[in-house]
Protein chains: 2
Amino acid sequence: MALPVSPLAPKTYVAPPAIAGVRFATAEAGIRYKGRTDVLLAVFDPGTVVAGVLTRSLCPSAAIDWCRQNLGGGTARALVVNSGNANAFTGLKGIESVKLTADIAAKAVGCEASEIFLASTGVIGEPLDATKFDGVLQNLTGQLTAEPWMEPARAIMTTDTFPKLAEATIDIDGTTTSIAGIAKGSGMIAPDMATMLSFVFTDAPVAADVLQALLAKHNRTSFNAITVDSDTSTSDTLLAFATGKAGIDPIASLDDPRAEIFGEALNDVLFDLAMQVVRDGEGATKFVAVNVTGATSDDSAAKIARAIADSPLVKTAIAGEDANWGRIVMAVGKAGQPADRDRLTIAFGEHVLARNGQRAPDYSEDAATAYMKGEELSISVDIGLGEGSATVYTCDLTHGYIDINGSYRS
Amino acid sequence: MALPVSPLAPKTYVAPPAIAGVRFATAEAGIRYKGRTDVLLAVFDPGTVVAGVLTRSLCPSAAIDWCRQNLGGGTARALVVNSGNANAFTGLKGIESVKLTADIAAKAVGCEASEIFLASTGVIGEPLDATKFDGVLQNLTGQLTAEPWMEPARAIMTTDTFPKLAEATIDIDGTTTSIAGIAKGSGMIAPDMATMLSFVFTDAPVAADVLQALLAKHNRTSFNAITVDSDTSTSDTLLAFATGKAGIDPIASLDDPRAEIFGEALNDVLFDLAMQVVRDGEGATKFVAVNVTGATSDDSAAKIARAIADSPLVKTAIAGEDANWGRIVMAVGKAGQPADRDRLTIAFGEHVLARNGQRAPDYSEDAATAYMKGEELSISVDIGLGEGSATVYTCDLTHGYIDINGSYRS
């Protein structure tokens, strides 16, 4: 899998700060890949709370079931992530493998298995041999460190061409608290709760229910607002861990004004990571924001934006640098949402191509074509019926996507 | 658009018989293409009834609106089809263009404009200059012929790489009656009533409401059971014309046993044409039948089958000849329909890859991989919950699709 780095990759990587109460280590367990790390162990101090949003797939992985069950407890002592094998659709073996991994981790860390959170990403359907973690996790507890975050970001990659990191620093009550986040994801990206895998860590003392509410809220406009290929993963996982080590009074309610301050910072991190997933979309050469306004509701706008962003014909036209607004009309038409052909306005960037359901009189094909040659594009559609709006972020559909996905497993 | 002929094209073409009461002619009107026919005029004897199913797109073309309005009348005297320009999203100009075309045709044929049926296919958003039809349609009325059907089949093509024809001959009351059908379609194929364009002609004396009922019924398992790229056209049109010239008593009710006989023959023609559309899917190298059984209802089975058939990850795996059943699980999981991971059975052809939610013990990767090298594939998924079943037909997603759609308009 020696894929060239996405042309849309960030030019530099951020280096999130150490988060008090969080230490981690990575290893080469040889699950599938050779010569690179594929296991992450993150250990949290006692008192760390956890929140999460998980895939809505009706065929989730065994690890998803495990996390869903343990999120009820609200506390976490460790996170174990492996790449190379998703442990999805592995039947009873998968469930046993998850339980064995949690037991090994609980013993290594010294906690209950119910305080272990797990995520697996990679090939679906291959049994995961959890005995490979025996010894490895125990060894890792002797190598725990608080930095650099580049290491865990790399260990969780699959077809990703670059590691994804984000950070935020917040002043609360005169004290600096921080958020560090990592993510992986490149294909099978149409999150129906979260992207494939993302983990966010903070030292802010945020109560579990507050953290859960903020995570769910900001997930909607970040990970749930992206699509690479309309395919929803069996393993989508977004987990947030708050150690409470920041030395400020606990944020125990959404009514606490500091919850909003923290929430905004959390949103910055989630949004940043989600955009990096789109920028690493398999085969991507263009980053595209699809803005829909004037729909009858925000939900309707989101469905229309997603129909546009998921359309293979729209995505191939973008790859071909073709300002093909007819395909935007097609996608609006297939979305099944209230729309009136003769009220639509469509723009690529600042270039209004169509107004009131027909080609704009002042439309310049040359200007629109020149715009399409850029790497960062926006498509704006005004439905002309109401006040609903939404933005979905996506990438183009290129030969690279076919190359990667015609040969991923073999 | 000198595309190579699809490797899945039929080896020979059928030559449907002349249909009494139907004559046609084609011309080069130079709407977009050069050096090929792009206009079809078909003229029907008085007494011809018509039925149709049209796109459910909420942004339909002006011709769709026109046909929908005229289908209420139940009778037809002529059909005018042009390729190269879809006359979709052309605002008031599009409506005027449709009206002018119908007026020109009505004058040439000698009938009411409301008895003229229209279809346009090609680029969306470009105004269609209907004055190009003036003179052309009048000339065509002097060149009408009843054969060969290859001519109209060719005149309506856009990115199609081969003409699509089908026929059926039925013995009713000791009299031979016939059905001739043509279709076009290759991309923007996820019909939500019909494919882009298909026209079926018969000399059977079928009442308009019976014809409509039979057409809608058999459309569900033919054109509405295919997908190339999940994109629903603004111009999907399936029209059936019955001249009643066969010299048998009219089929005036669905309770008439001959309605079923005729319906079966109609189904043969529609299904044949629909499969040809899939076989000419843009860039297709594999024909795939996706069979879903054991779902909680037929509708649920159809939604699951479509999620599989529309998945870019499934389609690229097929292109890569990879028996990647994990992606089938993913697609089942994202369909949003009742499913239980641990009851799924998945087979490629006769090769059962997974049973009860995990890899089948007797699974042979070599045998499955050898099977995937074939051109005609089937994917079978048993949900294990009920009696619902459905089949959706599709093709793979290849570099050819990207090539065609990254440069179609420019």
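Thresholds, definitions, all that
Residues numbered from 1 in each chain as written. Chains lettered and ligands numbered in written order. Predicted model: local features only at pLDDT ≥ 70, side-chain atom pairs only at ≥ 80, totals over all residues. Heavy atoms only, no water. Domains from an automatic or database assignment. Contact = heavy atoms within 4.5 Å. Buried area = accessible area lost by both parts, 1.4 Å probe. Salt bridge = Lys/Arg side-chain N within 4 Å of Asp/Glu carboxyl O. Polar contact = N/O pair within 3.5 Å; in protein donor to acceptor, adjacent residues only side chain to side chain. Helix = DSSP H or I, 4+ residues; strand = E, 2+ residues; numbered from the N terminus. Pairing = 2+ DSSP bridges. Axes fitted to C-alpha atoms, helices over the stretch in contact; angles between N-to-C directions. Least-squares fit on C-alpha atoms with pLDDT ≥ 70 in both. UniProt positions renumbered as here; feature names shortened; annotations may be inferred. Buried < 20%, exposed > 50% of the residue type's maximum accessible area, 1.4 Å probe, protein only. Patch = residues over 30% accessible without salt bridge, like charges linked within 9 Å, V, L, I, M, F, W, Y side chains within 5 Å. Areas by Shrake-Rupley, 256 points an atom, 1.4 Å probe, with all protein chains shown as cover. Lys, Arg positive; Asp, Glu negative; His and termini not counted. Charge placed at Lys NZ, Arg CZ, Asp CG, Glu CD. Phe/Tyr/Trp six-rings, centres within 6.5 Å; stacked < 30°, edge-to-face > 60°. Lys NZ or Arg CZ within 6 Å of the ring centre and 35° of its normal.

### Quick word on the domain arrangement of chain A
Residue and element names in this part refer to chain A. In terms of domain boundaries, chain A breaks down into domain 1 (22-277) and domain 2 (287-405). Here domain 1 and domain 2 have C-alpha centroids that lie 33 Å from each other. The partner domain 2 presents twelve residues to the eleven residues of domain 1 that form the contact. Both sides of the domain 1 and domain 2 interface together cover about 910 Å² of buried area, and 56% of this is carbon and sulfur. Applying the counting criterion to the domain 1 and domain 2 interface returns zero salt bridges. If you look at where domain 1 meets domain 2, you find zero residue pairs in polar contact (both at pLDDT 80 or more). Secondary-structure elements contributing two or more residues to the side of domain 1 that touches domain 2 are β9 (226-227) and α6 (257-279).

### Considerations on the sheet that holds strand β12 (residues 345-348) of chain B
Residues and elements named next belong to chain B. Read from one edge of the open sheet, seven strands run β9-β16-β11-β15-β12-β13-β14, paired in mixed fashion. Across the chains shown, the open sheet's two edge strands, defined by having one partner strand only, are β9 (226-227) and β14 (358-359). Where strand β11 (residues 287-295) lies against strand β15 (residues 376-382), seven bridges are found, and the strand directions are parallel. Residue pairing in the sheet places Phe287 in a bridge with Glu376 of β15. Docked against the sheet, helix α8 (residues 312-319) engages β9, β11, β15 and β16 (388-395), running at close to 140° with respect to β15.

### Focus on the relation of the copies chain A and chain B
For the pair chain A and chain B, the relating rotation is 180°, the translation along its axis is 0.0 Å, and the fit reaches an RMSD of 0.0 Å. Classification of the inter-copy transformation places it as that of a two-fold axis. Among all residues of chain A, the one whose C-alpha sits closest to the rotation axis is His399 of chain A, at a distance of 2.8 Å.

### Focus on the UniProt feature "binding site: substrate" (unreviewed entry) in chain A
All names here are of chain A. The sites that carry the UniProt feature "binding site: substrate" (unreviewed entry) are, in the present numbering, Thr158, Lys184, Thr195, Glu282, Asn405 and Ser410. Topologically, Asn405 is positioned in helix α11 (residues 399-405). Take Asn405: its relative accessible area is 2%, and that puts it in the buried class.

### Brief notes about the interface of chain A and chain B
Interface size is commonly expressed as the accessible surface area that is lost when the partners come together. Contacts between chain A and chain B engage 64 residues on the former and 65 residues on the latter. Both sides of the chain A and chain B interface together cover about 5300 Å² of buried area, and 56% of this is carbon and sulfur. Notably, a salt bridge pairs Arg359 of chain B with Glu126 of chain A, separated by 3.1 Å at the nearest N-O pair. There are 15 residue pairs in polar contact (both at pLDDT 80 or more) connecting chain A and chain B.

### Digging into a negative patch on the surface
A cluster of acidic residues, Glu167, Glu260, Glu264, Asp268 and Asp272 of chain B, forms a negative patch at the surface. Assignment of secondary structure puts Asp268 of chain B in helix α6 (residues 257-279).

### Looking at the sheet that holds strand β5 (residues 116-123) of chain A
Residue and element names in this part refer to chain A. What the four strands build is an open sheet, ordered β1-β2-β4-β5; its pairing is mixed. Unpaired on one side and paired on the other, β1 (22-27) and β5 mark the two borders of the sheet. The mean inter-strand angle of the sheet, taken between neighbouring strand axes irrespective of direction, is 10°. Here strand β4 (residues 78-85) runs beside β5; their pairing, made up of eight bridges, is parallel. Across the sheet, Asn82 pairs through a bridge with Ser120, a residue of β5.

### Here we look at the environment of Ser389 of chain B
You can see Ser389 of chain B is positioned in strand β16. With residues up to four places along the chain from it excluded, the contact list for Ser389 of chain B reads Val292, Thr293, Ser297, Asp298 and Ala301 of chain B.

### Regarding the packing of aromatic side chains
As enumerated under the stated definition, the model contains 18 aromatic pairs over all chains in all. Look at Phe117 of chain A and Phe241 of chain A: their rings are 6.3 Å apart centre to centre, the planes differ by 75°, and that puts the pair in the edge-to-face class. Linking Phe117 of chain A in strand β5 with Phe241 of chain A in strand β10 (residues 237-242), this pair joins segments that are 124 residues apart in sequence. Taking the relative accessible area as the measure of exposure, Phe117 of chain A reaches 0% and is therefore buried. On the basis of relative accessible area, Phe241 of chain A is assigned to the buried category, the value being 0%. Above the face of the Phe287 of chain A ring, Arg279 of chain A is positioned so that its terminal group lies 4.3 Å from the ring centre. We note Lys164 of chain B situated over the ring of Phe162 of chain B; from NZ or CZ to the ring centre the distance is 4.4 Å.

### Observations concerning the environment of Ser120 of chain A
All names here are of chain A. The residue Ser120 is located in strand β5 in this model. Accessibility expressed as a relative area gives 7% for Ser120, which makes it buried. Note: C-alpha distance between Ser120 and Thr293 (173 residues apart in sequence) is 38 Å. Non-local contacts of Ser120, meaning those with residues more than four positions away in its chain, are made with Ala63, Asn82, Asn85, Ala86, Asn87, Leu128 and Ser235.

### A short note on the side chain of Ser83 of chain A
Residue and element names in this part refer to chain A. Mapped onto the fold, Ser83 is located in strand β4. Note on Ser83: relative accessible area 0%, which makes it buried. A distance of 2.9 Å separates a polar side-chain atom of Ser83 from the backbone oxygen of Ala155. Not counting residues within four places of it along the chain, the set of residues in contact with Ser83 comprises Ile31, Tyr33, Arg36, Thr37, Asp38, Thr121, Ala155, Ile156, Met157 and Thr158.

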